[in-house]
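# Topology and contacts: notes
If you want the building blocks of each chain, they are given just below.
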Amino acid sequence: MPTLGSVKSLDRVSHKRADADWLAAQAASDASRTLLLVDLKPAIVSNAEQTQAQLRWLPHAKIAALGLADWPRHFMGLDPAQVPHFAIAITEHRAIATPGGPFSVRPYVDLRTLAVQGQLTPEELSIAGAARALTEWHSNCRCCGHCGSATDTKDGGWRRKCFACGKEFFPRTDPVVIMLVTHGDRCLISHEPRFKDIQLRMFSTLAGFLEPGEDIEHAVRREVMEEVGLDIGEVRYQESQPWPFPHSLMLGCRAEAKTMDLKLDPAEIEEARWVDRAELAIILEGRHPEHLTLPGKHAIAYKLLRAFLEG
Ligand SMILES: [Zn+2]
């Protein structure tokens, strides 16, 4: 059983990806390391308590032994020792159907679960998230959106090109604004209808996709007005977080409301309430009398709430 080692950090060396000869040499290198994903779930190793996990990188010889030497792979980057790292994605059906094959190196764990539980470092979550997002993008971009012909993989999995018309396609990232709405010493938390299956009373901050032509501030003001009917004054960007399910980038903001008069859109928000810092602290500590809960430490919503709590 492998043990936890040093955390991976990769340089994507994007300027090298277009060099097909260089990339082929990296893929053929005995030193290369490869991450397997089965049905989008990365192979991991955990500590005995299963509170910490790392991505499981397999050596070149192991990939060959699993029958995957010629399998298409995504180039993920070089580590500080210039060792090339790749990702190979296969289906669970194939993994199970090959005796002694990829299923022999399980567990494969759902990446969203790993993210929510905070088991991977941000660096490894970023690598696995990129591999997952690339895999989904490839499966959804096999045909040209312009002429309908087949597309081919280029640049180690970071570009596709149409055989017929030559149009190029690149992996997409969808920006999402996620904002903590404040009014003086209170902030707004809300409960969405989609949380209804969760037993505990889950609340969070507001969020929504940016639309074409919008800047971040406009999207924040529009989403807040649509969801809870509040007019927003100042909008400040705080921090961002990749959320590769399938390919979002969360843009965390603080938005100061001009009033506290809520007008909810029931399709989006079931309940919203203003809480002061004392009540917010009690919810975050898990001892609210109504059992309200908020997202965990590794969610950007938590970071927005924590920053407000700490003034
Ligand atoms: Zn085309």
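Just above sits the structure.
The present account deals with the structure reproduced in this document. Just so we're clear, the structure is a prediction, and the values are computed from it rather than from any experiment.

Conventions used here
- Residues numbered from 1 in each chain as written.
- Predicted model: local features only at pLDDT ≥ 70, side-chain atom pairs only at ≥ 80, totals over all residues.
- Heavy atoms only, no water.
- Buried < 20%, exposed > 50% of the residue type's maximum accessible area, 1.4 Å probe, protein only.
- Helix = DSSP H or I, 4+ residues; strand = E, 2+ residues; numbered from the N terminus.
- Contact = heavy atoms within 4.5 Å.
- Donors = N, O, S within 2.8 Å, 3.2 Å for Na, K, Ca; no water.
- Tetrahedral: all angles 85-135°; square planar, octahedral: opposite > 155°, others 65-115°.
- Pairing = 2+ DSSP bridges.

### Structural notes on helix 8 (residues 300-309)
- Summarising burial for helix 8: seven of the 10 residues are buried, a large majority.
- Structurally, helix 8 contributes buried residues whose contacts are with strand 11 (174-183), strand 12 (186-191), strand 15 (232-243), strand 16 (248-257) and helix 7 (277-284).
- Where helix 8 ends, the next residue or the one after it, Gly 311, has phi of about 70°, a positive value.

### Points about the coordination of the zinc ion
- Every protein donor of the zinc ion is listed here as Cys 144 (SG), Cys 147 (SG), Cys 162 (SG) and Cys 165 (SG), and their distances to the metal cover 2.3 to 2.4 Å.
- For the zinc ion, the four donor atoms are set out with angles of 100 to 116° between them, so the coordination reads as tetrahedral.
- Written as a sequence motif, the donor residues of the zinc ion are C-x2-C-x14-C-x2-C. With Cys 147 in the loop between helix 5 (122-140) and strand 8 (151-154) and Cys 162 in strand 9 (residues 159-162), this pair connects stretches of sequence that are 15 residues apart.
- Residue classification places Cys 147 among the partly exposed positions, given a relative accessible area of 38%.
- Under the relative-accessibility criterion, Cys 162 is labelled buried at 4%.

### Quick word on the pairing of strand 11
- The element strand 11 is extensively covered by neighbouring structure, given that eight of its 10 residues are classed as buried.
- Bridge count between strand 11 and strand 16: nine bridges; the pairing is parallel. If you follow Val 176 over to strand 16, its bridge partner there is Met 250.
- Bridging between strand 11 and strand 12 involves two bridges; their strand directions are antiparallel. Directly across from His 183, in strand 12, lies its bridge partner Arg 186.

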